[in-house]
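Each chain is listed here by its residues.
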Amino acid sequence: MATPGSRPAPPSGLDATDLVVGVVSARWNNEIAERLTAGAHRAIGATGAVARMASAPGAFELPFVARVLIESGDVDAVVVLGAVIRGETTHYEIVSQGCAQGIMQVQIATGIPIGLGILTVENMDQAVARSEAAGGHNVGEEATLAAIEMALLAGRTRASRPK
């Protein structure tokens, strides 16, 4: 089990003033998605990046929306946000696995980093615990910082691309 001390901290002083981050949130389990999105906005604000917002009906559609944002040429990184909460059927496994595989495929195919801020949890209590307010554990914030760090590592920002 991950504890606050076991989660990797991003490098201090990330300066993302030249980055545009696409933030794609699923509308399914909207209460949790909104909490994750608030975390993403905290990370974007703390690093000086700019957000470009989009949404998807659910987690399964997130890879497609991420690809559309990337193909627009207007983003340097993307973070996808949502929650898949286990139910009584295999739908949980299908959606979780399809979403994660789709995100990885888009990221590898395009060379644009995508932060995976999808909660795959057993119940709503676990989702709430992973989408806390400022100062708490928020996977949306963590995934956004990871995407920003990877975009800076790649050194490919919109500002540095030929016009």
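I will try to describe carefully the structure that is included in this document. Model, not experiment: these values are computed from the prediction.

Rules used in this analysis
Residues numbered from 1 in each chain as written. Predicted model: local features only at pLDDT ≥ 70, side-chain atom pairs only at ≥ 80, totals over all residues. Heavy atoms only, no water. Helix = DSSP H or I, 4+ residues; strand = E, 2+ residues; numbered from the N terminus. Expected span 1.5 Å × (residues − 1). Buried < 20%, exposed > 50% of the residue type's maximum accessible area, 1.4 Å probe, protein only. Arc of directions from axis to C-beta. Contact = heavy atoms within 4.5 Å. Polar contact = N/O pair within 3.5 Å; in protein donor to acceptor, adjacent residues only side chain to side chain.

The next thing to look at is helix α1 (residues 30–47). With 18 residues, α1 extends 26 Å between its outermost C-alpha atoms, agreeing within 8% with the 26 Å of an ideal straight helix rising 1.5 Å per residue. Buried residues of α1: Ile32, Ala33, Leu36, Thr37, Gly39, Ala40, Ala43, Ile44 and Thr47, and no others. Take α1 and look down its axis: the buried residues cluster within an arc of 160°, on one side only. What points out from α1, more than 90 degrees from its buried face, is the exposed set Glu34, Gly45 and Ala46. Against β1 (20–26), β2 (50–56), β3 (77–85), β4 (114–121), α4 (124–129) and α5 (139–154) lie the buried residues of α1. Downstream of α1 by one or two residues, Gly48 has phi in the positive range, about 85°.

Examined against the element boundaries, Ser131 turns out to sit in the loop between α4 and α5. Given the relative accessible area of 1%, Ser131 is considered buried. Polar side-chain contacts of Ser131 include one of 2.9 Å to the backbone oxygen of Ala127. Leave out the neighbours within four places in its chain, and Ser131 touches Ile32, Arg35, Leu36, His137 and Asn138.

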